[in-house]
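Coordinate analysis (summary)
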Amino acid sequence: MPNATSIPLLRKSFRRSLRRFERLHRMLLEEEFTTLDESQLPKIFAQVYDILQRTTKRSLTETEQAQALRQVLNYYRHNQHRLRNIYAAEYPVQVVHDDYVVNGKIDVLVHDGATHEVFAFKTNIRQDEDSQLFARYQQQLHFYALALAKNLDAFPLRLSLYWTAEEQRANAHVELAYQRDELQQMEKTLHKTITQMQQGQFTVTSPPERAVCSSCDMRSLCQREQIIQLE
């Protein structure tokens, strides 16, 4: 298991490793499951890494590559019997309002014949459930559930986080219990926040934990526009 000092490294360097999981899931959707075995994963990993290296102009050290590949291998070993039920990868969802549209993409949507399960993959180690980062991910999953309930009438849903840096599936997989009224509250909060932003009334009065900012795709904008000052 990565230690505490390795967490920033994982967040910075392994975000793109999610693309490798996406490639694996797409192969399974293309009915390549019967021909896929663990021996092929290093080659798939290398192919995707080569593409990412050329498109992003960034490289990982050999140690970082080995750690990223290990995450992929662990995920496959622990979940290969569940991968047959993948319904979609990078599944687009949206919540539509008269004044705005909020878009998102679900990492993996699984359907076992009875219910849908939403997976959001996180390349860091498992976070405490009382942390701001965990609460942020919980909101993310509630948004996905809200969108699916509106667009697919898919309820009940199972919502899961998968921490790919964890060695054991028991630590990696976290299913979040929720109620329908939590989705209604999510919709109200989302509408209130976007309305405030449209009216120029949205400000950050209290910066979140550093871990939240470190994993946020908008952190560069926040610092450039001085929305949030990081020490």
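See the structure above.
These notes cover the structure that comes with them. Source: prediction; values computed, not measured.

Let us look at the overall build of the chain. On a plain count of helices and strands, the chain comes out with 9 helices and 5 strands. For the chain, the N- to C-terminal ordering of α and β elements is α-α-α-α-β-β-β-α-β-α-β-α-α-α. Residue burial in the chain is summarised as follows: out of 231 residues, 43% are buried. Long-range pairs, those at least 24 residues apart, make up 65% of the contacts in the chain with a sequence separation of at least 6.

Think of an α-helix as turning once every 3.6 residues; residues three or four places apart then point the same way. The terminal C-alpha atoms of helix H4 (residues 62–79), which comprises 18 residues, lie 26 Å apart, in line with the 26 Å expected from a rise of 1.5 Å per residue. Those residues of H4 lying buried are Glu64, Ala68, Leu69, Gln71, Val72, Leu73, Asn74, Tyr75, Tyr76 and Asn79.

Next up on the list: the pattern of salt bridges. Opposite charge on two side chains makes pairing possible when the charged atoms of those side chains draw close. Under the definition given, this model contains 6 salt bridges. For Arg70, the salt bridge goes to Glu167, with nearest N and O atoms at 3.2 Å. Of this pair, Arg70 sits in helix H4 while Glu167 sits in the loop between strand E4 (157–163) and helix H6 (169–172); the two residues are 97 residues apart in sequence, bridging distant segments of the chain. By relative accessible area, Arg70 is classed as partly exposed at 48%. The salt bridge involving Arg126 is made with Glu129; its shortest N-O contact spans 3.7 Å.

The next thing to look at is helix H7 (residues 180–198). For H7, which comprises 19 residues, the first-to-last C-alpha distance of 27 Å matches the rise-based estimate of 27 Å (1.5 Å per residue) to within 8%. Those residues of H7 not exposed but buried are Leu183, Met186, Leu190 and Ile194. In a view along the axis of H7, the buried residues occupy a sector of 55°, so they form one face of it. The exposed residues of H7 that point more than 90 degrees off its buried face are Lys188 and Lys192. On its buried face, H7 sits against strand E1 (86–96), strand E2 (101–111) and helix H5 (132–151). Gly200, located one to two residues past H7, shows a positive phi value of around 70°.

Turning our eyes to something else, we now look at the sheet that holds E1. If you trace the 5 strands from one edge of the open sheet to the other, you get E1-E2-E3-E4-E5, paired in mixed fashion. This sheet does not close on itself; its edge strands, each paired only once, are E1 and strand E5 (173–176). Averaged over all pairs of adjacent strands, the angle between strand axes in this sheet comes to 35°, irrespective of strand direction. Bridge analysis of strand E3 (residues 116–122) against E4 gives 7 bridges, and the strand direction is parallel. Paired with Glu117 across the strands is Arg158, a residue of E4. Strand contacts of H5: E1, E2, E3, E4 and E5, with the helix running at about 145° to E4, the strand carrying the most contacts.

Now for unusual backbone geometry. One non-glycine residue, Glu90, lies in positive phi territory at about 55°. For Glu90, the position within the fold is in strand E1. Owing to a relative accessible area of 22%, Glu90 belongs among the partly exposed residues under this scheme.

Time to look at the packing of aromatic side chains. Inspection of the entire model under this criterion finds 8 aromatic pairs. Ring centres of Phe134 and Trp163 lie 6.3 Å apart, and the angle between their planes is 25°; on these two criteria the pair is classed as stacked. Taken as a pair, Phe134 in helix H5 and Trp163 in strand E4 lie far apart in primary sequence, 29 residues in all. Assessed through its relative accessible area of 2%, Phe134 is described here as buried. With a centroid separation of 6.1 Å and 55° between ring planes, the pair formed by Phe143 and Tyr144 is classed as tilted. Accessibility expressed as a relative area gives 10% for Phe143, which makes it buried.

Scoring rules and cut-offs
- Residues numbered from 1 in each chain as written.
- Predicted model: local features only at pLDDT ≥ 70, side-chain atom pairs only at ≥ 80, totals over all residues.
- Heavy atoms only, no water.
- Helix = DSSP H or I, 4+ residues; strand = E, 2+ residues; numbered from the N terminus.
- Buried < 20%, exposed > 50% of the residue type's maximum accessible area, 1.4 Å probe, protein only.
- Contact = heavy atoms within 4.5 Å.
- Expected span 1.5 Å × (residues − 1).
- Salt bridge = Lys/Arg side-chain N within 4 Å of Asp/Glu carboxyl O.
- Arc of directions from axis to C-beta.
- Pairing = 2+ DSSP bridges.
- Axes fitted to C-alpha atoms, helices over the stretch in contact; angles between N-to-C directions.
- Phe/Tyr/Trp six-rings, centres within 6.5 Å; stacked < 30°, edge-to-face > 60°.

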